[in-house]
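Fold and contact review
Each chain, written out:
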Amino acid sequence: MESLERPHLRRVIPPIVDRVAMISVHTSPFAQLGGRDTGGMNVYVRDLSRNLADRGVKVDIFTRRTDRQVPAIADVHEGVRLINIEAGPPEPVDKDALFCSLPDFASEMAYLSQREGTTYDVIHGHYWLSGWAGKLLQNYWDAPLVMMFHTLAHLKNEVASNGARETMLRLQVESRLMDIADTIITANPDEQAELIARLGPNANRISLVPPGIDLNLFQPGDSAAARRALDLPTGPLVLFVGRIDPVKGIDTLFEGFHHLLRSQNWGGQPPRLVFVGGLIRIDGTGSTMDADLQRLARRAEELGLADSVLFRGSQPRQLLPLYYNAVDVCAVPSRYESFGLVAVEAMACGTPIVASSVGGLRFSIEDGVSGLLVPHSEPTALSDALYRVLSDHGLRSRMQVGARQAAVRYSWQTITSAMLRVYERVVTREPAAEPLQDYASVS
Ligand code: UDP
């Protein structure tokens, strides 16, 4: 029988999506994690780019140059380049001051692509600043803009404590991007519903695709061995991993932990809180915490927690599976989370979660099965849930299994396929009849 394989055809038909411009203006996906502006988005852009490249799509990640010493272009993975664009001073600049550098950023990107002769099928903007850079680029390139906000200012403002409100400029730019982006990707069904209500008849531009998790890196492992490797004590351990940002609910965590210690009789082994995040500089003379961590250490002392909180500073990603495996429970007390990678990474390691019932956490965690959900900003509720997990061995064992099972839904294989469907649809300008659930497993 004649073979149906026609390799000559495969060679001449170009792929629908050959090259993607991934824009992350205000923070490099390869920066040290756990700082004020380096967290889930950095991990996401890096991992999505690598996974797309492994499926044959070339990816250029554009970020703003913040250091004169780094090369303009670096190959960071087969098929992925990191491109440092000159726009504004080549040093760290507060992200709220970057808006006026975006026209330079976009024109430098356009100039580079013209010089190289490189064309892009999709512009994928992350966060409002990069979205705006993407919009400006459309003055030079005929490519659709796929927009991912990561967080929305009006949702952050709803839960913001005094002084931490997002700017009017950001609110206005996000609103404009919602109107003009060719596709908007949301990470959780609540955000999707909110955008559908806002966009009305144009809601078919919205797609739901949550981030993926590296299930090979984040796996269950031996707790005692992990504690030895990390030099962590025996006894009950609660873990926090994240940026030091008011939205993360660290104030609630400290107050809840204070309540947890005072409200129960722990005998000789009270629980400790392992805190991963913030920057600790270590040199010949010892270690120095950055200003944010110093403030948290003072707060811990005021609450009588000086010996109970183990500040570890930000940790390299490769060590995080050990942290998740070492502890009994991971706390995610955020006021808001668009997705919440930390919760799902911990779940992938079979670690139960106690989390606020907000944003993406409401959908990734099943209450009583993979973790416990509590109202945000309520220290006593957080403390009670932590106590339940720490004191009920049966519940903890059941949730360890439930957690891993829940996390498996977020494999990069599934998520990359969903993202490729979004790209292909936007490139072929195929109209969608209704808002799309490109990721089928979220209900
Ligand atoms: N992270 C890390 N080292 C740290 C702190 C955080 O690798 O010291 C990573 C963490 O594993 C997760 C990401 O940063 O992948 C934080 O993402 P999440 O969605 O939880 O929070 P976001 O930063 O987006 O608010």
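Refer to the preceding data block for the structure.
So, here's what we can say about the structure.

Scoring rules and cut-offs
- Residues numbered from 1 in each chain as written.
- Predicted model: local features only at pLDDT ≥ 70, side-chain atom pairs only at ≥ 80, totals over all residues.
- Heavy atoms only, no water.
- Helix = DSSP H or I, 4+ residues; strand = E, 2+ residues; numbered from the N terminus.
- Contact = heavy atoms within 4.5 Å.
- Areas by Shrake-Rupley, 256 points an atom, 1.4 Å probe, with all protein chains shown as cover.
- Polar contact = N/O pair within 3.5 Å; in protein donor to acceptor, adjacent residues only side chain to side chain.
- Core = buried A, V, L, I, M, F, W, Y, C linked by side-chain atoms within 4.5 Å.
- Buried < 20%, exposed > 50% of the residue type's maximum accessible area, 1.4 Å probe, protein only.
- Pairing = 2+ DSSP bridges.
- Axes fitted to C-alpha atoms, helices over the stretch in contact; angles between N-to-C directions.
- Phe/Tyr/Trp six-rings, centres within 6.5 Å; stacked < 30°, edge-to-face > 60°.
- Near = heavy atom within 4 Å.
- Expected span 1.5 Å × (residues − 1).
- Arc of directions from axis to C-beta.
- 1 Å grid on protein atoms, 1.4 Å probe; cavity = no way out; pocket = protein on both sides within 12 Å on 5 of 7 lines; lining within 4 Å.
- Points joined across faces, edges and corners; volume = space filled by probe spheres on them.
- Parallel < 35°, antiparallel > 145°, perpendicular 65-115°, else oblique.
- Left-handed = near helix turned anticlockwise from the far one by under 90°.
- Nonpolar A, V, L, I, M, F, W, Y, C, P; charged D, E, K, R; others polar.

What follows is about the overall build of the protein chain. Regarding its fold elements, the protein chain presents 16 helices and 16 strands. Once the C-alpha set of the protein chain is aligned to its principal axes, its extents read approximately 70 × 60 × 45 Å. Counted over contacts in the protein chain with a minimum sequence separation of 6, partners at least 24 positions apart contribute 67%. Carbon and sulfur atoms provide 49% of the accessible area of the protein chain, an area that totals close to 19600 Å².

Along the chain, the position of aspartate 18 falls in the loop between helix H1 (7–12) and strand S1 (19–23). When the C-alpha atoms of aspartate 18 and alanine 53 are compared, they prove to be 9.8 Å apart, with 35 residues separating the residues in sequence. Separated by 2.6 Å, the side chains of aspartate 18 and lysine 58 make a polar contact.

A few words now on the nonpolar core. The biggest cluster of nonpolar side chains holds 68 residues, and the ones touching the most others in it are Met22, Phe62, Phe105, Met109, Trp141 and Tyr423. When near neighbours in sequence (up to four residues on either side) are disregarded, methionine 22 contacts Val45, Leu48, Ser49, Leu52, Val59, Asp60, Ile61, Phe62, His124, His126 and Tyr423. With 41 residues, the next largest nonpolar core counts Ala226, Leu239, Leu320 and Tyr323 among its residues.

Turning our attention to the sheet that holds strand S9 (residues 237–241). The six strands are arranged S13-S10-S9-S14-S15-S16 in an open sheet whose pairing can be described as parallel. Each edge of the sheet is formed by a strand with only one pairing partner; in this case those strands are strand S13 (309–311) and strand S16 (371–374). Within this sheet the neighbouring strands show an average axis-to-axis angle of 20 degrees, counted without direction. By the bridge criterion, five bridges tie S9 to strand S10 (residues 272–276) in an arrangement that is parallel.

Once that is clear, we can look at the packing of aromatic side chains. Two measures describe an aromatic ring pair: the distance that separates the ring centres and the angle between the ring planes. Counted by the stated rule, this structure contains 13 aromatic pairs. A centroid spacing of 6.1 Å and a plane angle of 20 degrees characterise the contact between phenylalanine 99 and tryptophan 128, whose relative ring orientation is stacked. With phenylalanine 99 in the loop between strand S4 (80–85) and helix H3 (102–116) and tryptophan 128 in helix H4 (residues 127–137), this residue pair connects regions lying 29 residues apart in the sequence. Residue phenylalanine 99 is classed as partly exposed on the basis of its relative accessible area of 23%.

Turning next to the site of the ligand. Every one of the 19 residues lining the ligand counts as a neighbour, but Gly40, Arg243, Lys248, Gln315 and Glu345 are closest to it. In this structure, glycine 40 approaches the ligand through a main-chain N or O atom, which is 2.8 Å from an oxygen atom. The contact in question runs from an oxygen atom of the ligand to an N or O atom on the side chain of arginine 317, over 3.2 Å. The fraction of the free accessible surface of the ligand (540 Å²) that becomes covered by protein chains is 93%.

Moving on, we get to helix H15 (residues 393–407). Here H15 spans 21 Å end to end across 15 residues, near enough to the 21 Å set by a 1.5 Å rise per residue. Among the residues making up H15, those that are buried are Leu395, Arg396, Met399, Gly402, Ala403, Ala406 and Ala407. Within H15, the buried residues cover an arc of 130 degrees as seen down the axis, which keeps them to one side. Across H15 from its buried face, at more than 90 degrees, point the exposed residues His393, Arg398 and Gln405.

Next up on the list: the layout of surface pockets. Reported here for the second largest pocket is a volume of approximately 320 Å³. At the level of elements, helix H2 (40–54) and helix H16 (412–427) are the ones that each hand at least two residues to the lining of the second largest pocket. Broken down by element, the lining of the second largest pocket gets its largest block of residues, five residues, from H2.

Contact pair helix H12 (residues 341–348) / H15: the axes reach a minimum separation of 7 Å and the direction vectors enclose 120 degrees. It follows from the interaxial angle that H12 and H15 lie oblique. Judged by the twist between their axes, the crossing of H12 over H15 is left-handed. Facing Val344, Met347 and Ala348 of H12, the residues of H15 in contact are Ala403, Arg404, Ala406 and Ala407. Of the residues belonging to the contact of H12 with H15, the class tally is six nonpolar, no polar and one charged.

With respect to topology, eight strands assemble into an open sheet ordered S3-S4-S2-S1-S5-S6-S7-S8, the strand pairing being mixed. The sheet terminates laterally at strand S3 (73–77) and strand S8 (206–208), the two strands that pair on one side only. This sheet shows a mean twist of 25 degrees between the axes of neighbouring strands, independent of strand direction. Taken together, the five bridges between S1 and strand S2 (residues 58–64) define a ladder with parallel strand orientation. Following the sheet pairing, alanine 21 is matched in S2 by aspartate 60.

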